[in-house]
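# Fold and geometry: a report
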Amino acid sequence: MTVYNEKIKKLVNNYNSDIEHGLTNEQVKENKRQYGDNNLTQSKQKTIFMMIVKELSNFLNILLIIAALISIWASGNLSDGLFIIAIVILNISLSVFQEKKASNAVNALKSMSSPKASVYRNGTLTEINSNELVVGDIIEVQAGDYMPADVRYIETTNLKVDESALTGESVPVNKDADANLEDKTPVADRLTMGHMNTIVTYGRAKAIVTQVGMDTEIGKIADLLNKVEDEETPLQKKIDSLGKLLGTISVIVVIVIFFVGWLYEFELLELFLVSVSLAVAAIPEGLPTVITVVMSMGMRKMAKRKAIVKELSAVETLGSTTVISTDKTGTLTQNKMVVTRIFDNNKVHEVTGKGYEYQGEIKGSNDNIDKIALIGGLCNDAKITQDNHIGDPTELALVTLTGKHKHTKDELNEMYPRIDEYPFDSDRKLMSTLHQRDDKKFLYTKGAPDQLLNVCSHYELNGEIKEIDEAYKQVIKLANQGMAHNALRVLGFAYKEISEYDDITQEENDLIYVGLVGIIDPPRDEVKDAIKICKKAGIRVVMITGDHKLTASAIGKELGIIKDEKNALSGEEIDLLSHEDFLEKVKKTNVFARVSPSHKVAIVKAFQEVGEITSMTGDGVNDAPALKQANIGVAMGIAGTDVSKEAADMVLMDDNFTTIVDAVEEGRVIYSNIRKFVGYLVSCNVGEVLLIFVAMLLGWGSPLLPIQILWINLVTDSFPAFALGLEGKEEGIMDRPPINPKAPIVDKLMSITIGTQAIFLTIAVLFSYYIGEFVLGTHENMGSTLAFITIISGELLRTYSARSETKTLFELKVFENKLVNYSTLVGIFLLCFVLFVPGVNDLFHTNVNLPLPYFFMALLLGFLPLIGAELQKIIKRRL
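What this report covers is the structure whose coordinates are included nearby.

The rules behind each value
- Residues numbered from 1 in each chain as written.
- Predicted model: local features only at pLDDT ≥ 70, side-chain atom pairs only at ≥ 80, totals over all residues.
- Heavy atoms only, no water.
- Phe/Tyr/Trp six-rings, centres within 6.5 Å; stacked < 30°, edge-to-face > 60°.
- Helix = DSSP H or I, 4+ residues; strand = E, 2+ residues; numbered from the N terminus.
- Buried < 20%, exposed > 50% of the residue type's maximum accessible area, 1.4 Å probe, protein only.
- Core = buried A, V, L, I, M, F, W, Y, C linked by side-chain atoms within 4.5 Å.
- Contact = heavy atoms within 4.5 Å.
- Pairing = 2+ DSSP bridges.
- Axes fitted to C-alpha atoms, helices over the stretch in contact; angles between N-to-C directions.
- Salt bridge = Lys/Arg side-chain N within 4 Å of Asp/Glu carboxyl O.
- Parallel < 35°, antiparallel > 145°, perpendicular 65-115°, else oblique.
- Left-handed = near helix turned anticlockwise from the far one by under 90°.
- Nonpolar A, V, L, I, M, F, W, Y, C, P; charged D, E, K, R; others polar.
- Expected span 1.5 Å × (residues − 1).
- Polar contact = N/O pair within 3.5 Å; in protein donor to acceptor, adjacent residues only side chain to side chain.
- 1 Å grid on protein atoms, 1.4 Å probe; cavity = no way out; pocket = protein on both sides within 12 Å on 5 of 7 lines; lining within 4 Å.
- Points joined across faces, edges and corners; volume = space filled by probe spheres on them.
- Arc of directions from axis to C-beta.

### Focus: the packing of aromatic side chains
Scanning the model with the defined rule gives 14 aromatic pairs in all. Taking 5.2 Å as the distance between ring centres and 55° as the angle between the ring planes, the aromatic pair formed by Trp700 and Phe774 counts as tilted. Placement of the pair is Trp700 in the loop between α26 (657-697) and α27 (706-716) and Phe774 in helix α29 (residues 748-776), with a sequence separation of 74 residues. Among the residues examined, Trp700 registers a relative accessible area of 24% and is labelled partly exposed. What makes Phe774 partly exposed here is its relative accessible area of 45%.

### Considering the nonpolar core
In this structure, Tyr513, Ile561, Phe657, Phe677, Val678 and Ile745 are the most contacted members of the largest nonpolar core, which totals 90 residues. Looking at this core element by element, the count peaks at 14 residues for α26. Leaving out residues up to four positions away in the same chain, Ile561 has contacts with Leu332, Ile531, Val541, Met543, Gly556, Asn590 and Val591. Of all hydrophobic cores here, the second largest spans 49 residues; its members include Leu271, Leu835, Val840 and Val848.

### Thoughts on the sheet that holds strand β24 (residues 614-618)
Note on sheets: strands pair through backbone hydrogen bonds, and any given pair is parallel or antiparallel. With respect to topology, eight strands assemble into an open sheet ordered β8-β26-β25-β24-β9-β21-β23-β22, the strand pairing being mixed. Every interior strand has two partners, whereas the edge strands, β8 (307-309) and β22 (568-570), have only one. Averaged over all pairs of adjacent strands, the angle between their axes in this sheet comes to 20°, without regard to strand direction. One ladder, built from four bridges, connects strand β9 (residues 323-326) with strand β21 (residues 540-544); its direction is parallel. Each bridged residue has a counterpart across the sheet, and for Val323 the counterpart in β21 is Arg540. α26 contacts β8, β9, β21, β24, β25 (632-636) and β26 (650-652) of the sheet and is inclined by roughly 155° relative to β9.

### Let's talk about the pattern of salt bridges
Enumeration according to the criterion identifies 37 salt bridges in this entry. Lys536 is the partner of Asp735 in a salt bridge, and the nearest nitrogen-oxygen pair spans 3.6 Å. Of this pair, Asp735 sits in the loop between α28 (718-725) and α29 while Lys536 sits in helix α19 (residues 527-536), and the two are 199 residues apart along the sequence. Assessed through its relative accessible area of 46%, Asp735 is described here as partly exposed. For Asp747, the salt bridge goes to Arg675, with nearest N and O atoms at 3.2 Å. In this pair, Asp747 sits in the loop between α28 and α29 while Arg675 sits in helix α26, placing the two residues 72 residues apart along the sequence. Exposure remark for Asp747: the relative accessible area of 25% places this residue in the partly exposed category. Where salt bridges share partners, they join Lys301, Arg305, Asp662, Glu665, Glu666 and Lys729 into one cluster.

### Observations regarding the packing of α26 against α28
Between two packed helices, both the angle of their axes relative to each other and the distance between the axes serve to describe the pair. Where α26 contacts α28, the axes come no closer than 8 Å and their chain directions differ by 160°. Between α26 and α28, the crossing angle belongs to the class labelled roughly antiparallel. Handedness of the crossing formed by α26 with α28: right-handed. Packed against α26, whose contacting residues are Asn673, Lys676, Phe677, Tyr680 and Leu681, the element α28 presents Pro720, Ala721, Leu724 and Gly725 at the interface. Looking at the contact of α26 with α28, its residues break down into six nonpolar, two polar and one charged.

### Concerning helix α15 (residues 393-404)
Taking 1.5 Å of rise per residue, the twelve residues of α15 would be expected to cover 16 Å, and the 17 Å separating its terminal C-alpha atoms lies within 8% of that figure. With respect to burial, α15 is a largely interior element, twelve of its twelve residues being buried. The backbone nitrogen of Thr394 has a side-chain oxygen 2.8 Å away, supplied by the residue at the start of α15, namely Asp392.

### Here's the deal with the pairing of β9
On β9, burial covers both faces: Val323 and Ser325 on one face and Ile324 and Thr326 on the other are all buried. For β9 and β24, the ladder comprises four bridges, and the chain directions are parallel. What sits directly across from Ile324, in β24, is Ser615.

### Thoughts on empty space enclosed by the protein
Applying the stated criterion to the full structure yields two cavities of 30 Å³ or more. For the largest cavity, the calculated volume is near 180 Å³. Contributing to the lining of the largest cavity are 17 residues, with Gly679, Thr753, Gln757, Ala802 and Glu805 lying nearest its centre. Across the lining of the largest cavity, the residue classes break down as four nonpolar, seven polar and six charged. Taken together, Val294, Met297, Gly298, Lys301, Glu666, Val669, Ile670, Asn673, Gly725, Leu726 and Glu727 make up the full set of residues lining the second largest cavity. Contributions of two or more residues to the lining of the second largest cavity are made by α11 (287-304) and α26.

### Focus: unusual backbone geometry
With a phi angle near 55°, Arg594 is a residue other than glycine that sits in the positive phi range. Structurally, Arg594 is set in the loop between β23 (591-593) and α23 (597-609).

### Observations concerning α19
An α-helix turns once every 3.6 residues. As a result, residues three or four positions apart point the same way. Every buried residue of α19 is accounted for by Val527, Ala530, Ile531 and Cys534. Down the axis of α19, the buried side of the element spans an arc of 100°, and every buried residue falls inside it. Turned more than 90 degrees away from the buried face of α19, the exposed residues are Lys532, Lys535 and Lys536. Summarising the contacts, the buried residues of α19 are in contact with β9, α13 (328-332), β21, α20 (549-559) and α26. At the C-terminal side of α19, Gly538 shows a positive phi close to 80°.

Listed below in structure tokens is the structure:
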């Protein structure tokens with residue numbers, strides 16, 4: 001036996017407690033020692049030092065540090081090396097700053113804890129801080145209270161508890177201390193239990209504390225959060241792989257250059273300087289900074305589209321998303337119960353409208369519908385004001401139905417004043433209120449259809465009162481089953497006129513049945529279209545919910561997530577599967593119902609095991625571990641709990657599923673742009689390496705000095721790269737399949753593009769260097785200066801071609817991206833600054849009294865790489 005189906009007396013004895021008097025001070029100390037205190041613990045948090053060490057272990061940063069040290073050691077020039085180290089410090093600072101802002105979900109869980117609890121100690125009911133509770137304490141709760149720990153109910157009186165944040169159940173649960181439960185009953189169905197941080201919405205109860213702190217269901221969630229480890233994003237892995245590739249290439253080229261230099265009998269110092277040039281040339285020093293800044297700008301663009309991204313890496317991960325795993329309640333649905341069907345004892349009528357708004361209509365009109373709307377508004381304790389919705393969600397749905405009919409609830413209360421009531425309880429499953437109308441009294445009753453039928457003797461149809469027979473009972477049964485099969489919560493309505501009465505509790509008999517209503521938390525209007533877009537984009541949408549399988553399946557079918565219930569799986573069914581069978585099921589199951597927080601984490605992990613990049617969406621405490629486990633966790637900004645927001649990577653400020661689709665689109669745009677500027681930067685680096693390599697083979701030495709290469713890589717190339725990173729959306733980006741997380745960022749096609757552009761860049765720069773070094777020869781640095789001008793000119797002009805991987809300049813609006821235009825002008829200005837400003841040109845070895853015609857000649861040679869890039873696109877398309 002477990003605590004939720006154990007005998008109360010045995011539980012009380014086990015914990016040395018007393019139902020009437022509670023624990024003594026000595027027993028409190030003993031139970032605290034034995035079972036622990038009522039606090040949530042957390043795993044050790046990363047320090048800033050640990051974050052810095054993590055960033056220093058990034059391969060690209062290691063390469064930059066090595067290049068800086070070689071530069072200082074080989075040339076004795078501090079400025080080059082310090083320049084590189086400053087870039088490393090900037091990159092690490094940006095990354096640590098972002099990580100420091102990362103979530104601490106356990107702290108949010110702590111902040112949710114109930115501050116006070118009413119507890120029996122030493123025979124007296126007293127109020128204490130909830131963290132002082134121990135196992136065995138006897139407590140009392142009533143409407144409005146947060147549950148301070150996990151408890152087993154001893155007595156319940158009309159108790160309803162909102163467990164939506166923990167279980168995903170969309171309506172408050174009717175709790176019953178005397179319910180008979182089977183072993184292995186899921187958390188959401190444990191009617192005898194109350195759980196920490198859930199809210200009592202109606203009634204009162206007496207209970208014994210059975211679990212505290214980390215042993216509670218909330219504590220288990222906190223433990224899951226602590227155990228979830230952050231993984232590198234696909235882009236981080238790709239950039240790290242790219243860094244290793246470039247590092248390996250540079251080492252191989254340096255070895256080859258040393259061998260060539262030895263054959264050509266170059267001096268050892270000159271070979272070292274060339275090695276430094278190669279090391280610097282092979283590494284795209286500006287790449288980490290450009291990626292960080294571009295993704296930061298992407299975060300700002302997403303914020304304008306109502307998606308707040310907390311982690312830089314999440315921006316790119318969105319573009320790789322292959323599965324969106326989403327909670328149902330409040331995410332796919334409105335989290336507002338709505339009457340959608342009315343059965344008037346003859347046929348079903350549709351009710352339109354959404355939420356708790358009176359806009360909408362009942363498609364039908366007769367006496368039965370009038371009475372259903374009347375009873376729904378009067379036999380009701382909920383209230384809708386302009387600023388607030390007060391009461392049970394089901395009753396709020398009935399108030400809304402009344403407002404869509406002839407009168408509002410307030411108007412009905414004036415016309416039919418309430419003079420007595422018989423509140424709902426879980427045994428009767430009925431609620432009755434007595435109202436005065438002129439000199440007449442009417443009893444109005446609502447409740448479970450079967451229970452209501454038992455207290456009715458007649459039914460009304462088309463204005464006639466008829467005696468209930470077996471045929472009518474069958475009609476009600478079929479109507480009830482039909483609505484229930486479509487996941488509607490069904491309520492029945494009845495009434496009778498009373499002349500005299502002594503006790504309202506004795507009047508629930510001989511009622512007249514008028515019909516049924518079907519209530520549901522309906523899908524959001526815009527979600528269906530968003531799911532269609534996802535399917536077109538090759539993204540699976542999967543519903544993961546704590547709600548019942550029937551309800552989840554009905555919503556899933558309506559939204560187009562599944563075709564039938566065969567594509568749905570419950571938490572109980574998951575527990576019966578082996579790990580291998582579960583992985584197979586995950587590949588084709590799109591609805592997971594009645595699942596616990598640990599199930600949600602297991603589902604997300606299973607998706608990741610089968611190679612999916614998973615986005616998990618949710619709003620409750622129960623979603624937090626899965627949000628943290630997912631590649632990208634998405635929380636609701638309005639309805640979401642603090643815990644879910646803290647655990648997530650992204651928060652939707654409008655709680656709209658379509659915003660996720662917008663964010664995925666933006667993620668794809670950003671990744672597409674990252675590919676553009678990575679290809680742009682790497683082709684420059686490969687061109688520089690090829691340039692130096694060919695020049696060495698020709699016996700010329702390096703055409704560029706290390707500080708010139710650094711200026712090109714960090715300054716000249718960075719502005720166009722930023723501009724490419726902010727390129728607009730290309731047509732049809734959501735018609736493509738998701739980005740393959742395993743595919744390298746520099747794939748086969750990009751490698752061909754990089755190689756082609758590097759060759760054209762090398763030819764142009766070598767020609768320029770040859771003219772300066774061997775034709776003019778007026779200054780020892782004339783060749784390197786002309787080479788410097790040509791490579792910068794080539795890089796700036798090539799930006800226009802890099803705006804698209806497939807379209808030629810003739811198919812693009814050439815000057816549409818104003819940032820590319822500005823970056824080109826800034827690049828030309830900075831080139832002139834380095835060439836002609838005294839002092840600066842000495843630092844860069846460009847003070848050579850350059851004749852103006854040769855300056856323009858070197859600039860025009862920069863068109864050659866642009867022409868090569870365009871030719872390559874045309875040839876690639878034809879092939």
